[in-house]
Amino acid sequence: SQTIHQWPATLVQPVGSPLSLECTVEGTSNPNLYWYRQAAGRGLQLLFYSIGIDQISSEVPQNLSASRPQDRQFILSSKKLLLSDSGFYLCAWSLGRSSGANVLTFGAGSRLTVL
Amino acid sequence: GENVGLHLPTLSVQEGDNSIINCAYSNSASDYFIWYKQESGKGPQFIIDIRSNMDKRQGQRVTVLLNKTVKHLSLQIAATQPGDSAVYFCAENSPPGGKLIFGQGTELSVKP
């Protein structure tokens, strides 16, 4: 069966510090991978999605970047965090486009607090 | 587009009552819809899905209704329990890109 791992679960970082959140998927090949952000009490905002290694699309201009160095690894980064980067970050995966229906499976989330 | 800037609407129900959570979707060409449940501090979890060639689908204590005429989706939860307390998101799959577009979300609170 497929599993998705996301870490760290919680992170407190000072403004201006770097960020690296990691996500890995097991039990499938060539998944679509996604990073979402969720502010407290609000909806899900798609940040990045990837259909393959080094193929990443950015949905919104921002202080963050994403990389996919391996097929089942997706990394969310920042060189200098802003206060507004605080939130709950969710990694998700789905089967590749050829599979048809696009069900996302989410990780447990990473809560980032920037002080 | 995604309703990410708005505070979540809330629905409060008594334990044992039925709950109905509504969602208006944006694209008349969307062909597949999903309901997710998100408990506090956790990632969203799949509840039930429905394809656009159907208007009703039932699961265990949950029913999803699709009205394509008015682009409306609803989730009905029978005999609501305290464990059903969570935020519920609808999502639509819009071709051709196939990305899921999430609705605003509704916070369900179950009173014992």
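Residues numbered from 1 in each chain as written. Chains lettered and ligands numbered in written order. Predicted model: local features only at pLDDT ≥ 70, side-chain atom pairs only at ≥ 80, totals over all residues. Heavy atoms only, no water.

Peer 1: Looking at this structure, I do not really get the overall build of chain B. What am I missing?
Peer 2: Summing up its helical and strand segments, chain B has 0 helices and 10 strands in all. Overall, chain B shows an N-to-C arrangement of helices and strands of β-β-β-β-β-β-β-β-β-β. Here chain B has a C-alpha radius of gyration of 14 Å; the compact-globule value for 112 residues is 13 Å, and the two agree. Seen through its principal axes, chain B has C-alpha atoms that stretch 45 × 30 × 20 Å. Partitioning the contacts of chain B with sequence separation of at least 6, the portion at a separation of at least 24 is 55%. Of the roughly 5600 Å² of accessible surface on chain B, 47% is carried by carbon and sulfur atoms. Both charge centroids of chain B, one from 10 positive and one from 10 negative side chains, sit 4 Å from each other. (Helix = DSSP H or I, 4+ residues; strand = E, 2+ residues; numbered from the N terminus. Rg over C-alpha atoms; globule rule 2.2 N^0.38 Å. Contact = heavy atoms within 4.5 Å. Areas by Shrake-Rupley, 256 points an atom, 1.4 Å probe, with all protein chains shown as cover. Lys, Arg positive; Asp, Glu negative; His and termini not counted. Charge placed at Lys NZ, Arg CZ, Asp CG, Glu CD.)

Peer 1: In this structure, what is going on with the nonpolar core? I would like to understand it.
Peer 2: For soluble globular proteins, the rule of thumb is that nonpolar side chains tend to be buried together. All names here are of chain A. Ranked by internal contacts, the top residues of the largest apolar core, which has 20 residues, are Trp35, Phe48, Leu76 and Tyr89. Those elements that place two or more of their residues in this core are strand 3 (19–26), strand 4 (32–38), strand 5 (44–52), strand 8 (73–78), strand 9 (87–94) and strand 11 (110–114). Element by element, the count of residues in this core is highest for strand 3, at 4 residues. With sequence-adjacent residues up to four places away left out, Leu76 is seen in contact with Leu19, Ser20, Leu21, Trp35, Leu47, Phe48, Leu64, Ser65 and Tyr89. (Core = buried A, V, L, I, M, F, W, Y, C linked by side-chain atoms within 4.5 Å. Buried < 20%, exposed > 50% of the residue type's maximum accessible area, 1.4 Å probe, protein only.)

Peer 1: What exactly am I supposed to notice about the sheet that holds strand 7 (residues 65–70) of chain A here?
Peer 2: By definition, the strands of a sheet pair up through backbone hydrogen bonds, in either a parallel or an antiparallel sense. Residues and elements named next belong to chain A. Ordered in space as 1-3-8-7, the 4 strands form an open sheet in which the pairing is antiparallel. At either end of the open sheet lies a strand with only one pairing partner, and these are strand 1 (3–7) and strand 7. Strand-to-strand, the axes of this sheet are offset by a mean angle of 20°, without reference to chain direction. Summarising the sheet, strand 1 and strand 3 pair through 5 bridges and their orientation is antiparallel. When the bridges of strand 3 are listed, Trp7 appears paired with Glu22. (Pairing = 2+ DSSP bridges. Axes fitted to C-alpha atoms, helices over the stretch in contact; angles between N-to-C directions.)

Peer 1: Can you walk me through the state of the cysteines in this structure?
Peer 2: Any covalent bond linking the sulfur atoms of two cysteines counts as a disulfide. Residues and elements named next belong to chain B. On inspection of all chains with the given rule, the structure shows 2 disulfides over all chains. Across the disulfide, Cys23 is cross-linked to Cys90 (sulfur-sulfur distance 1.6 Å). Within this pair, whereas Cys23 is found in strand 2 (residues 19–24), its partner Cys90 is found in strand 8 (residues 86–93), the two being separated by 67 residues in sequence. What makes Cys23 buried here is its relative accessible area of 7%. Taking the relative accessible area as the measure of exposure, Cys90 reaches 7% and is therefore buried. (Disulfide = S-S within 2.5 Å.)

Peer 1: Explain the environment of Asp31(B) here, please?
Peer 2: All names here are of chain B. Residue placement: Asp31 occurs in the loop between strand 2 and strand 3 (32–38). The sequence separation of Asp31 and Leu75 amounts to 44 residues, and the corresponding C-alpha distance is 17 Å. Setting aside anything within four residues of it in sequence, one finds Asp31 in contact with Arg51, Ser52, Asn93 and Pro95. Polar side-chain contacts of Asp31 include one of 3.0 Å to the side chain of Asn93. (Polar contact = N/O pair within 3.5 Å; in protein donor to acceptor, adjacent residues only side chain to side chain.)

Peer 1: Before we go on, may I ask you to explain unusual backbone geometry in this structure?
Peer 2: Among all residues save glycine, negative phi is the norm, and among peptide bonds the norm is trans. In this structure, Pro8(A) follows Trp7(A) across a cis peptide bond, with omega equal to 0°. Structurally, Pro8(A) can be placed in the loop between strand 1 and strand 2 (10–13). Here the phi dihedral of Arg61(B) falls at roughly 65°; this positive angle occurs in a residue that is not glycine. Relative to the assigned elements, Arg61(B) resides in the loop between strand 5 (56–58) and strand 6 (62–67). Here the phi dihedral of Ala79(B) falls at roughly 50°; this positive angle occurs in a residue that is not glycine. Residue placement: Ala79(B) occurs in the loop between strand 7 (72–77) and strand 8.

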